[in-house]
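# A closer look at the structure
Okay, here's what each chain looks like letter by letter:
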Amino acid sequence: MLSRKRKLFFYKLFSLFSVVRGYNILIIVIAQYLAAKYILAPKEGFMEIILDGHLLALVLASAVAIAAGYIINNFYDAEKDLINRPTKSMLDRLVSQRTKITTYFSLNFISVAIASIVSFNAFIFFSAYIFGIWFYSHKLKKIPFLGNLTSAVLAITPFFAVFIYYRNLSSVIFVHAAFLFLLILIREFIKDLENIKGDLAQDYKTIPVMYGEKVSKGLIAFSAMIAIAVTIFLISKYDTSYMSYYFYGSIGLLIISVLILYKATAKSHYILLHNILKFIIVSGVFSIPLLNIDVILNKITRVL
């Protein structure tokens, strides 16, 4: 039997994992490695990429900086989350605000220390990234549209560390990044509709608060149409191999999302839309190997 003290320790550990959204960070780490293997350096072997110490340092620096970002975001949003997510908020409050701030600074220090192993440029990159996250959480988050835009940019920034490392900034990379950016931006717009009660109470100047739900819905629908256009361009212009099935499915889900959005009136509708966008993003990560499915099938055939 665990003592009360140990139980409390594990509860706090789980609470901290909830605050830093460990499951999201794991997805980002997987996405960075899959992008490195199947998009940025397809000619390199699995083991070469996995055993690349500098790539590992960049991925770890990203993961730690993102974890710190979630903590500072949670710190500033504590009162708002009590209204929007009361159950999760009670779990998060098992860790004191003082502990969160101490952990935040410690993780930021670890992130830039790891980045400095790669190069001075990597040190500067992650220092700027960490500052950007803090400035967003402290100031920009409360500014309509600019806050959403900044959040989406910060979400895809860690991938550019890997892109720059491989010196691969071809046009197809930017089109893929634009598609991901638009998906994240749409999700941010939907989150504003989902969290409108807390935003009103805490005086957050989000789009639905300032301009109403109708304008917010129109912006989401417009962004979805742009995302569909980018997807069609990606499929027609570049060789996406079997991943084209994922893109066709994404187009279908985006159209369905717009139809649901048109009739949405309750928070449960916006949570459904949020989950659909999250599904598109996560399934996109695990669809990356479909870009080189023939290579995978050949390796499996050799083993058999």
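Further up the page is the structure itself.
Quantities reported herein were computed from a predicted structural model and do not represent experimental measurements. (Residues numbered from 1 in each chain as written. Predicted model: local features only at pLDDT ≥ 70, side-chain atom pairs only at ≥ 80, totals over all residues. Heavy atoms only, no water.)

Turning our attention to the overall build of the chain. Counting its regular elements, the chain contains 16 helices and 0 strands. Within the chain, the fraction of its 304 residues that count as buried is 48%. Within the chain, counting contacts between residues at least 6 apart in sequence, those at least 24 apart form 74% of the total. A total of about 15,900 Å² of accessible surface is found on the chain, and carbon and sulfur atoms cover 70% of it. (Helix = DSSP H or I, 4+ residues; strand = E, 2+ residues; numbered from the N terminus. Buried < 20%, exposed > 50% of the residue type's maximum accessible area, 1.4 Å probe, protein only. Contact = heavy atoms within 4.5 Å. Areas by Shrake-Rupley, 256 points an atom, 1.4 Å probe, with all protein chains shown as cover.)

A few words on the packing of aromatic side chains. Within this structure, the stated rule accounts for 17 aromatic pairs. An angle of 75° between the planes, with centres 5.2 Å apart, marks the rings of Phe-160 and Phe-163 as edge-to-face. Of the two residues, Phe-160 and Phe-163 are both situated in helix α9 (residues 146-165); the distance of 3 residues between them amounts to about one turn of the helix. Given a relative accessible area of 8%, Phe-163 falls into the buried group. Put simply, the rings of Phe-125, Phe-126 and Tyr-129 touch in pairs and so form one group of aromatic residues. Here the guanidinium or amino end of Lys-37 rests over the ring plane of Phe-46, the centre of that ring lying 5.0 Å away. (Phe/Tyr/Trp six-rings, centres within 6.5 Å; stacked < 30°, edge-to-face > 60°. Lys NZ or Arg CZ within 6 Å of the ring centre and 35° of its normal.)

Once that is clear, we can look at unusual backbone geometry. One non-glycine residue, Phe-145, lies in the positive phi region at around 70°. If you trace the backbone, Phe-145 turns up in the loop between α8 (120-138) and α9. Non-glycine residue Ser-241 carries a positive phi angle of around 50°. Following the sequence through the fold, Ser-241 ends up in the loop between α13 (213-237) and α14 (244-263). For Ser-241, a relative accessible area of 25% translates into the label partly exposed.

Glancing now at helix α2 (residues 22-40). The first and last C-alpha atoms of α2 sit 25 Å apart over 19 residues, in line with the 27 Å expected at 1.5 Å per residue. Along α2, the helix axis deviates most sharply at Leu-34, where the bend reaches about 25°. Residues of α2 that are buried include every one of Gly-22, Ile-25, Ile-28, Ala-31, Gln-32, Tyr-33, Leu-34, Ala-35, Ala-36, Lys-37, Tyr-38 and Leu-40, and no others. (Expected span 1.5 Å × (residues − 1). Bend = angle between axes of the 7 residues up to and from the residue.)

Counting residues in hydrophobic clusters, the biggest one holds 85 residues, and the most contacted among them are Leu-55, Tyr-166, Leu-183, Ile-186 and Leu-254. The biggest single contributor to this core is helix α4 (residues 53-76), with 14 residues. Residue contacts for Leu-55: discarding those within four places in its chain leaves Tyr-33, Ala-36, Ile-49, Val-162, Tyr-165 and Tyr-166. (Core = buried A, V, L, I, M, F, W, Y, C linked by side-chain atoms within 4.5 Å.)

Its location among the elements puts Ile-49 in helix α3 (residues 46-50). Taking the relative accessible area as the measure of exposure, Ile-49 reaches 2% and is therefore buried. Here the alpha-carbon distance between Ile-49 and Tyr-33, two residues 16 residues apart in the chain, equals 7.7 Å. The residues contacting Ile-49, other than those within four sequence positions of it, are Tyr-33, Ala-36, Lys-37, Ala-41, Glu-44, Leu-55 and Tyr-166.

Another aspect to go through is the pattern of salt bridges. A full pass over the atoms with the stated rule returns 1 salt bridge. For Lys-191, the salt bridge identified is with Glu-188, shortest N-O distance 3.4 Å. Note that Lys-191 and Glu-188 are positioned in helix α10 (residues 171-194) at a spacing of 3 residues, about one turn of the helix. The exposure class assigned to Lys-191 is buried, which follows from its relative accessible area of 16%. Overall, Glu-188 belongs to the buried group, its relative accessible area being 8%. (Salt bridge = Lys/Arg side-chain N within 4 Å of Asp/Glu carboxyl O.)

Along the chain, Ser-151 turns up in helix α9. For Ser-151, a relative accessible area of 11% translates into the label buried. Non-local contacts of Ser-151, meaning those with residues more than four positions away in its chain, are made with Tyr-136 and Glu-188.

Okay, the side chain of Ser-257 next. Looking at the element boundaries, Ser-257 is found in helix α14. A polar contact is formed between the side chain of Ser-257 and the backbone oxygen of Leu-253, at a distance of 2.8 Å. Discounting chain neighbours no more than four positions away, the residues touching Ser-257 are Leu-273, Ile-276 and Leu-277. (Polar contact = N/O pair within 3.5 Å; in protein donor to acceptor, adjacent residues only side chain to side chain.)

Function cannot be inferred from these measures alone, as they are strictly geometric.
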